[in-house]
Amino acid sequence: MRVRTKWWAPAAVGAVGAVLLSGCQSAPGGGSEGEGRSLDRAPAVSPTPLRTSGHGAVFLAVDECSSFGRTSFTEISCASERAAARVVARHDGTARDGPRCPATTDFVLHISEQRPSQDEDGDGAVPQGYACMRHLQPPHPGDPGGGGGPRTIVGDCVYELGDGKVRETACDGSGEKPPQFEVTKAVASRSECPAATALYVRLGGTAPVGCARPV
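Residues numbered from 1 in each chain as written. Predicted model: local features only at pLDDT ≥ 70, side-chain atom pairs only at ≥ 80, totals over all residues. Heavy atoms only, no water.

S.K.: Please clarify how the pattern of salt bridges should be interpreted in this entry.
M.R.: If charged atoms from side chains of opposite charge come close, those side chains can pair. Enumeration over the complete set of coordinates arrives at 4 salt bridges. For Arg-134, the salt bridge identified is with Asp-143, shortest N-O distance 2.9 Å. Measuring nitrogen to oxygen at the nearest pair gives 3.2 Å for the salt bridge that ties Arg-213 to Glu-182. Note that Arg-213 is positioned in strand 13 (residues 209-214) and Glu-182 in strand 11 (residues 181-187), a separation of 31 residues in sequence. With a relative accessible area of 21%, Glu-182 lands in the partly exposed category. (Salt bridge = Lys/Arg side-chain N within 4 Å of Asp/Glu carboxyl O. Helix = DSSP H or I, 4+ residues; strand = E, 2+ residues; numbered from the N terminus. Buried < 20%, exposed > 50% of the residue type's maximum accessible area, 1.4 Å probe, protein only.)

S.K.: Could you clarify how one ought to interpret the packing of aromatic side chains in this entry?
M.R.: We describe a pair of aromatic rings using the distance from one ring centre to the other and the angle between the two ring planes. Following the criterion strictly, the structure yields 0 aromatic pairs and no others. If you follow Arg-190 out to its NZ or CZ, it ends over the ring of Tyr-200, 5.3 Å from the centre. (Phe/Tyr/Trp six-rings, centres within 6.5 Å; stacked < 30°, edge-to-face > 60°. Lys NZ or Arg CZ within 6 Å of the ring centre and 35° of its normal.)

S.K.: Looking at this structure, I do not really get the side chain of Ser-66. What am I missing?
M.R.: One can find Ser-66 in strand 4 (residues 65-67). Among the residues examined, Ser-66 registers a relative accessible area of 0% and is labelled buried. What Ser-66 contacts, discounting residues up to four positions off in sequence, is Leu-60, Thr-74, Glu-75, Ile-76, Arg-82, Ala-83, Ala-84, Ala-85, Leu-109 and Met-133. (Contact = heavy atoms within 4.5 Å.)

S.K.: I would appreciate a short explanation of the state of the cysteines in the present structure.
M.R.: This structure, assessed with the given rule, holds 4 disulfides. Between the sulfur atoms of Cys-157 and its disulfide mate Cys-171 the distance is 2.0 Å. Residues Cys-157 and Cys-171 are joined by a disulfide whose S-S torsion is about 105 degrees; by sign, that bridge is right-handed. Of this pair, Cys-157 sits in strand 9 (residues 157-162) while Cys-171 sits in the loop between strand 10 (165-169) and strand 11, placing them 14 residues apart in sequence. With a relative accessible area of 2%, Cys-157 lands in the buried category. The disulfide bridge from Cys-193 ends at Cys-211, spanning 2.0 Å between sulfur atoms. Across the disulfide from Cys-193 to Cys-211, rotation about the S-S bond amounts to roughly -80 degrees, and the bridge is consequently left-handed. Of the two residues, Cys-193 sits in the loop between strand 11 and strand 12 (199-202) while Cys-211 sits in strand 13, which places them 18 residues apart along the sequence. Its relative accessible area of 12% is what places Cys-193 among the buried residues. In this structure Cys-211 comes out as buried when scored by relative accessible area, which is 0%. What links to what in the chain: the bonded cysteines, counted in sequence order, pair as 1-2, 3-4, 5-6, 7-8. (Disulfide = S-S within 2.5 Å.)

Rendered as structure tokens:
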């Protein structure tokens, strides 16, 4: 069993009066998730071994937990002192084509399909899928203003990279770069944004336009 975390590339934005550019590639949890923001503030993590522990009929099902390690993620009892994150949503298939993760997801585990004749737990095949994870303890980068997570949501802050792109950063200034804009509203079209909007950020979903004001 192998999993990997995924952080997404910088997304396109448009200044007021400019054309709203396309977002980045589909992010964990859905085809439009993560659009309109940059999440490559952390380097990509190579696939790492994951060992099942038999805590449920479905590997990393909702409300099950994983441990964090330098070389592997292991499904583990949530009561264990080694438990680090809980599954808040779990879907088969690929994140590009599947449902979006909840808004305050901290990170996503991508699970490679495995069909061994016998694994260490004897639980058979594990289909390809992804698990939307939330840390058991703060900080929560997926929270509004947290500076991370697989989605951009209302309350998040960004700074400009140039070439019409932005990257998310913590609103409290604790990130590598200070915030320049805060997403204050999610709407269906740019015309619904407040007059003070200085930047449009592509969010995806049913309210795909993020209205951002200077901070």
